[in-house]
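Chain by chain, the residues run as shown.
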Amino acid sequence: MKNIGLLRDDVYLRHVPGPSHVETPERLIAIHKAIDETFSGTTFTKITPRAATFEELCWNHLPDYVKKIEQTGEEKNFVALDPDTVTCPDSYYVATLAVGGVFNALDAIKDGAITGGMCLVRPPGHHAEPDRAMGFCLFNNVALGALYAQKVLGLRRCLIVDFDLHHGNGTQKSFYYDPNVLYFSTHQYPYYPGTGGCHEVGSGDGKGFTVNCPLRAGCTDEDYAVIFRDILVPIATEFSPDLVLVSAGFDIWWQDPLGGMRVTERGIGAISRALIDMAEEVCSRRILFVLEGGYSKEGLGKGVVMVLKQLLQGEEFKDEIEVAKSLLATSSPQNARHSIQDVIHSQAKYWGCLRSFE
Ligand SMILES: [Zn+2]
């Protein structure tokens, strides 16, 4: 069994974006329950939350924006920052703990105290832009994690892989001109938030360091296995990052109320396996999964448990690991064939590894 870090804390239940919001604390309660039913209390190395400071938040967000979110903590009621994104009096504090919890997990990874981990945080982050709350997100947890790794831990090159159903417009925006942070996303398209076309490849020095895989609804476990095997792993190996951060969104689940994908536990297993084996190869398994979306309680519970099994790689999970490996080895595209060709066509001029597929 590998030594895996897990950030899980009831404090993340205290962000409540309104009485009938889909991004509800119940999501985390379902995940905690699924973990307790599968693993013993001592399976994981505990990662604790901490509050990110105002200065740390300003690495990715404008000071006026951080102040605006901070001020929502002084309101007695809910504050709607956009039609989807609502805060309660505890939201600012909880959001700073989400970011700081990711920092603590990264410290443990850099120290070698853990060989990979997962942060079960709320609110999610990948839609949050430098000056704008969006799509249930306040601060961009993963973008700030990449900046912490660079500024504090001395890890220069970071790969961010975003398999949430939605495109991470905020993360893309933060690093669009940056050749040291490669942003790779699979997402349903066209769909919220509207960004993430193949032609969005980065700009200036960052050209080629944004890799978007827009997918139509209906993609399967096999489609995701092919994309991660034939596009993500070769590009990641060529990029050779010092750290892999994963925006883990479970709204690709086949029964997710917001999504149209057909991914099951097998697909989540294959995606995780591809990412973990790649991270083992290129950066000594420095990999951290961070929770983003996912609105089916069953999908969240089963999805997170599958990621954790693939991380732990224990003998008792050998069946799940074999299924993931065989899906990666044998899959061919089903509904993503054209999307895959479009991505390869858009990216082959930046990545030599893709030219043989053209
Ligand atoms: Zn999502």
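Rules used in this analysis
Residues numbered from 1 in each chain as written. Predicted model: local features only at pLDDT ≥ 70, side-chain atom pairs only at ≥ 80, totals over all residues. Heavy atoms only, no water. Core = buried A, V, L, I, M, F, W, Y, C linked by side-chain atoms within 4.5 Å. Buried < 20%, exposed > 50% of the residue type's maximum accessible area, 1.4 Å probe, protein only. Helix = DSSP H or I, 4+ residues; strand = E, 2+ residues; numbered from the N terminus. Pairing = 2+ DSSP bridges. Right-handed = clockwise from strand over helix to strand, strands pointing away. Axes fitted to C-alpha atoms, helices over the stretch in contact; angles between N-to-C directions. Contact = heavy atoms within 4.5 Å.

Undergrad: Can you break down the nonpolar core residue by residue, with the values?
TA: Core analysis: the largest hydrophobic core is formed by 117 residues, its most contacted members being Phe 228 and Phe 289. Among the elements that take part in this core, helix H4 (residues 91-111) stands out by supplying 12 residues, more than any other.

Undergrad: How would you summarise the pairing of strand S10 (residues 287-291) if you had to cite specific residues and measurements?
TA: With respect to burial, S10 is a largely interior element, five of its five residues being buried. Here S10 shows no split at all, with Ile 287, Phe 289 and Leu 291 on one side and Leu 288 and Val 290 on the other all buried. The pairing of strand S5 (residues 117-119) with S10 spans three bridges and is parallel. Directly across from Met 118, in S10, lies its bridge partner Phe 289. Handedness of the crossover is the feature at issue here: the chain leaves strand S9 (residues 243-248), passes through helix H8 (residues 265-283), returns alongside S10, and the resulting connection is right-handed.

Undergrad: Tell me about the sheet that holds strand S2 (residues 45-47), and name the residues and values.
TA: Pairing in this open sheet of eight strands is parallel, and the strands run S2-S1-S5-S10-S9-S6-S7-S8 from one edge to the other. Of all the strands in the sheet, the pair left with one neighbour each is S2 and strand S8 (210-215). Put simply, the sheet's adjacent strands are angled 15 degrees from each other on average, direction ignored. Sheet analysis places strand S6 (residues 158-162) next to S9, joined by five bridges and oriented parallel. Looking at the pairing, Asp 162 lines up with Ser 247 of S9. Across the sheet, helix H7 (residues 221-239) lies against S6, strand S7 (181-188) and S8, angled at about 170 degrees from S7, the strand it touches most. Against the sheet, H8 contacts S6, S9 and S10, and its axis sits at roughly 145 degrees relative to S10.

The values reported here are purely geometric and, on their own, carry no functional implication.
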